[in-house]
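Letter by letter, the chains look like this.
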Amino acid sequence: MRSEPVPIRNSYEGLSEAELVTLARDGDNDAVHALVRCNNQQLFRIARGILRNDAEAEDAVQAAYVKAFTNLDGFRGEAAFSTWLSRIAMNEAYGRLRRHRQVVDLAKYREGPRAPLDGEISHPMAPHPSNPEAELARAEVRKLLEKAIDALPEPFRLTYLMRDVQEMTSREVATLLGINVVTVKTRLFRARRLLRAELSRNVAGEFSAIFPFDGARCASMASRVIQELSLQRDE
């Protein structure tokens, strides 16, 4: 049975990422909880983009958190803590993918398409003003979008999730994937074009709701990570 969410002290809300990491190094569970809550959405979307399965992605994120918080001495602050966590989550997700597929050619994530850039394009589906019908259909629209994103070729899918859904910068995506910024832009262009072909022009974009990981589900992740860390400390 999953434990109940652990409340965070209000004083922690104003602390910087670096301050929270310092407290987490000293075994402060409230700091761990705050860091998990801040990074859940990004890590889940990245893992989900690789594994294309909610349950697998959630397990991968939890494992990544435990690995990160039990090896905080390995974080040297050369990059943002969220970037360091994202790399761990990516490695965990790829490891699980390898176990399922036996062999995964990771090299293709560093082989950008050779098609010339046609320039930046607008988002494939500009949000339409909210109306009662759109609100009632929101869940179905999100499912349709998630299915379309899952259908993207792997090199494009993860880039699209990071750049357009998670709203990371092109440079951040390039750093995480080990590619250059031009390749990120190329993949994003191709991903948007493929999505346009897949989706009806009448579908309104609900990108902020894609692959949600919030509320009780988000809080539960933080509690489970803290519980796992406590068990490891007692060993």
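All values derive from a computational prediction rather than experimental measurement.

Draft legend 1. Quick look at the overall build of the chain. The helix and strand inventory of the chain stands at ten helices and zero strands. In the chain, which comprises 235 residues, the proportion classed as buried is 47%. Taking all contacts inside the chain whose residues are at least 6 apart in sequence as the whole, residues at least 24 apart take part in 75%. For the chain, the exposed surface amounts to about 12,500 Å²; the carbon and sulfur share of it is 48%.

Draft legend 2. Local environment of the nonpolar core. In this structure, I50, Y65, F69, F81, M90 and M162 are the most contacted members of the largest nonpolar core, which totals 63 residues. In terms of residues, this core owes the most to one element, helix 2 (residues 29-51), which gives eleven residues. In contact with Y65, other than residues within four places in its own chain, are V36, N39, N40, L43, L85, M221 and V225.

Draft legend 3. Representation of the environment of V32 within the structure. Turning to its location among the elements, V32 is positioned in helix 2. Taking the C-alpha atoms as reference points, V32 and A222, separated by 190 residues in sequence, lie 7.6 Å from one another. Dropping the residues within four chain positions of it, V32 is found in contact with A24, F69, V225, I226 and L229.

Draft legend 4. Representation of the packing of helix 3 (residues 54-69) against helix 10 (residues 215-234) in the model. The contact between helix 3 and helix 10 brings their axes to 10 Å, and the two run at 45 degrees. The angle between helix 3 and helix 10 falls in the class oblique. By crossing handedness, the relation of helix 3 to helix 10 is classed as right-handed. Of the residues in helix 10, those touching helix 3 at D54, E58, V61, Q62, Y65, V66 and F69 are R217, M221, R224, V225, E228, L229 and Q232. Of the residues contributing to the contact of helix 3 with helix 10, the split by class is seven nonpolar, two polar and five charged.

Draft legend 5. Molecular detail of the packing of aromatic side chains. Within the structure shown, the criterion is met by six aromatic pairs. Taking the centre distance of 4.8 Å and the plane angle of 20 degrees together, the rings of F44 and F213 count as stacked. Of this pair, F44 sits in helix 2 while F213 sits in the loop between helix 9 (181-198) and helix 10, placing them 169 residues apart in sequence. Pair check on accessibility: F44 and F213 agree, each one buried. Put simply, the rings of Y65, F69, F75, F81 and W84 pair up and form one aromatic cluster.

Draft legend 6. Main features of the packing of helix 7 (residues 154-165) against helix 8 (residues 170-177). Two elements in contact, helix 7 and helix 8, have axes separated by 9 Å at closest approach and are oriented at 140 degrees. Viewed along their axes, helix 7 and helix 8 form a crossing whose handedness is right-handed. Here helix 7 contributes L158, T159, M162 and R163 to the contact with helix 8, which in turn contributes S170, V173, L176 and L177.

Draft legend 7. View of the environment of R171. When you line up the elements, R171 lands in helix 8. Sequence separation between R171 and V181 is ten residues, and the spatial gap between their C-alpha atoms is 5.8 Å.

Criteria and thresholds
Residues numbered from 1 in each chain as written. Predicted model: local features only at pLDDT ≥ 70, side-chain atom pairs only at ≥ 80, totals over all residues. Heavy atoms only, no water. Helix = DSSP H or I, 4+ residues; strand = E, 2+ residues; numbered from the N terminus. Buried < 20%, exposed > 50% of the residue type's maximum accessible area, 1.4 Å probe, protein only. Contact = heavy atoms within 4.5 Å. Areas by Shrake-Rupley, 256 points an atom, 1.4 Å probe, with all protein chains shown as cover. Core = buried A, V, L, I, M, F, W, Y, C linked by side-chain atoms within 4.5 Å. Axes fitted to C-alpha atoms, helices over the stretch in contact; angles between N-to-C directions. Parallel < 35°, antiparallel > 145°, perpendicular 65-115°, else oblique. Left-handed = near helix turned anticlockwise from the far one by under 90°. Nonpolar A, V, L, I, M, F, W, Y, C, P; charged D, E, K, R; others polar. Phe/Tyr/Trp six-rings, centres within 6.5 Å; stacked < 30°, edge-to-face > 60°.

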